[in-house]
Amino acid sequence: MTKKIVIEVKDLTKTEGTKYSEELEKGNILFFPQIPFDFPQEEIDFLLKSKQSSSSNRKNIAYKPQLDKVTNHDTKNEEEKRKMHTILKHFSERTLQFLKDLLPSYAPHWKLDYASFRPFQEKGRKLRTRARNDLLHVDSFPTRPMHGSRILRFFININPKESRNWITSHPFEELVQMYGGSRGVFFPKKVDFSFCERWMLKMRFLLKQLGVVKQIRSPYDHFMMNMHNFLKENEDFQKNGYKQHWEFPSYSCWAVFTDQVSHAALSGQYALEQTIFVPQKALLFPDRSPLRVLERSAEGNMVYPLS
Ligand SMILES: [Fe+2]
């Protein structure tokens, strides 16, 4: 069962050390009843008024911190473009500063991923099955192989009138016990450390550096993608699986390892989110990570030595 760890902003000090990373790695959700940093009302108002194309297939608006670039913003108005860029950049910077103080042992090692603004109502959103947010799943990104790093996400519900509602289900370890090795989520071939295999890998990583190969997926990444798809397509699990309901009211925030806690967003509109990748070496309890859980079950290495 996933626990809600309530954190009041007034109680936060800079001396918490690893207390909250520990809760996250146990598979719990950190919940903040209020936004724990400044977020000007005029910025929230701008986001609430932003119109995306009426098609619910449109993607969320993304901000890529490394490139300092916004993608998928559906407007030709230059002023609106500039404002969206400024607001998402500020959101990303404030979130990262806050998380640095909250999770100091992760910060020196983490890798920034995208921030996003989610303007669509999740309830009734018409998406293909594997893209649906309202079906239980663990996160895995087809375009960003993790090689064992963890997916940490921080959310804000900026909707002044409506809560965001989630369900969570079995943690990753139980999902592997329930389904690992079966059709759809078979255990991938273990990493082979032979001279020949290492040489081939070196060549592939070299080709990636040269830009010839776009990405290299480890056996771990294949398994996580398969688990993500398998869960969403498993009607029995979606219907009869264990469920825990979560309500995130207006202006509340939450942080969770979404590769470990299976989750679905049933309803809600207007949320912001920042994703961070936390590598194995930064974890307090690497044995609890999906990578180590999978390696124990599959009895072999699931990431490459060069990853
Ligand atoms: Fe997700």
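Residues numbered from 1 in each chain as written. Predicted model: local features only at pLDDT ≥ 70, side-chain atom pairs only at ≥ 80, totals over all residues. Heavy atoms only, no water.

Student: Hey, could you run me through the sheet that holds strand β10 (residues 261-267) in this one?
Tutor: Taken in spatial order, the 3 strands make up an open sheet running β8-β7-β10, and their pairing is antiparallel. Every interior strand has two partners, whereas the edge strands, β8 (244-248) and β10, have only one. Strand-to-strand twist of the sheet, defined as the mean angle between neighbouring strand axes without regard to direction, takes the value 30 degrees. Summarising the sheet, strand β7 (residues 164-171) and β8 pair through 5 bridges and their orientation is antiparallel. If you follow threonine 168 over to β8, its bridge partner there is glutamine 244. (Pairing = 2+ DSSP bridges. Helix = DSSP H or I, 4+ residues; strand = E, 2+ residues; numbered from the N terminus. Axes fitted to C-alpha atoms, helices over the stretch in contact; angles between N-to-C directions.)

Student: Would you mind going over the coordination of the iron ion with me for this structure?
Tutor: Where a metal carries four tetrahedral donors, each ideal angle is 109.5 degrees; where it carries six octahedral donors, the ideal angles are 90 or 180 degrees. Distances from the iron ion to its protein donors, namely His137 (NE2), Asp139 (OD) and His263 (NE2), fall within the range 2.2 Å. Counting residues between consecutive donors of the iron ion along the chain gives the motif H-x1-D-x123-H. The pair formed by histidine 137 and aspartate 139 is uniform in burial state, with each residue classed as buried. (Donors = N, O, S within 2.8 Å, 3.2 Å for Na, K, Ca; no water. Buried < 20%, exposed > 50% of the residue type's maximum accessible area, 1.4 Å probe, protein only.)

Student: Hey, could you run me through helix α5 (residues 195-209) in this one?
Tutor: Counting along an α-helix, one turn takes 3.6 residues, and residues three or four places apart therefore face a common direction. An ideal rise of 1.5 Å per residue puts 21 Å on 15 residues; α5 measures up with 21 Å between its terminal C-alpha atoms. Of the residues trailing α5, glycine 211 is marked for its positive phi of about 85 degrees. (Expected span 1.5 Å × (residues − 1).)

Student: I keep staring at the sheet that holds strand β11 (residues 271-278) and nothing clicks. Help me out?
Tutor: Hydrogen bonding along the main chain pairs the strands of a sheet, whether they run parallel or antiparallel. In space, the 8 strands of this open sheet follow the order β1-β2-β9-β6-β11-β5-β3-β4, with mixed pairing throughout. Two strands lie at the open edges of the sheet, namely β1 (4-6) and β4 (69-71), each paired on one side alone. For this sheet, the mean angle separating the axes of adjacent strands, direction not counted, is 20 degrees. Bridge analysis of strand β5 (residues 111-118) against β11 gives 6 bridges, and the strand direction is antiparallel.

Student: Is there a simple way to think about the packing of aromatic side chains in this case?
Tutor: One pass over the full model with this rule turns up 20 aromatic pairs. Their ring planes at 80 degrees and their centres at 5.4 Å tell us that phenylalanine 32 and phenylalanine 98 sit as a pair that is edge-to-face. One end of the pair, phenylalanine 32, is in strand β2 (residues 29-32); the other, phenylalanine 98, is in helix α3 (residues 78-102), and 66 residues separate them in sequence. Each member of the pair phenylalanine 32 and phenylalanine 98 is classed as buried. Centre to centre, the rings of tryptophan 166 and tryptophan 254 are 5.8 Å apart; their planes meet at 90 degrees, and the pair counts as edge-to-face. (Phe/Tyr/Trp six-rings, centres within 6.5 Å; stacked < 30°, edge-to-face > 60°.)

Student: Got a minute to help me understand the pairing of strand β6 (residues 150-157) in this structure?
Tutor: Within a regular beta strand, the side chains point alternately toward one face of the sheet and then the other, so they alternate between its two faces. Within β6, 8 of the 8 residues are buried, leaving the element largely enclosed by the surrounding structure. Along β6, one buried face is formed by Arg150, Leu152, Phe154 and Ile156 and the opposite face, lined by Ile151, Arg153, Phe155 and Asn157, is buried too. Note that β6 and β11 share 8 bridges and pair antiparallel. The partner of arginine 153 across the bridge, within β11, is threonine 275. Here 5 bridges tie β6 to strand β9 (residues 253-257), and the two strands are oriented antiparallel to one another. Paired with isoleucine 156 across the two strands is cysteine 253, which belongs to β9.

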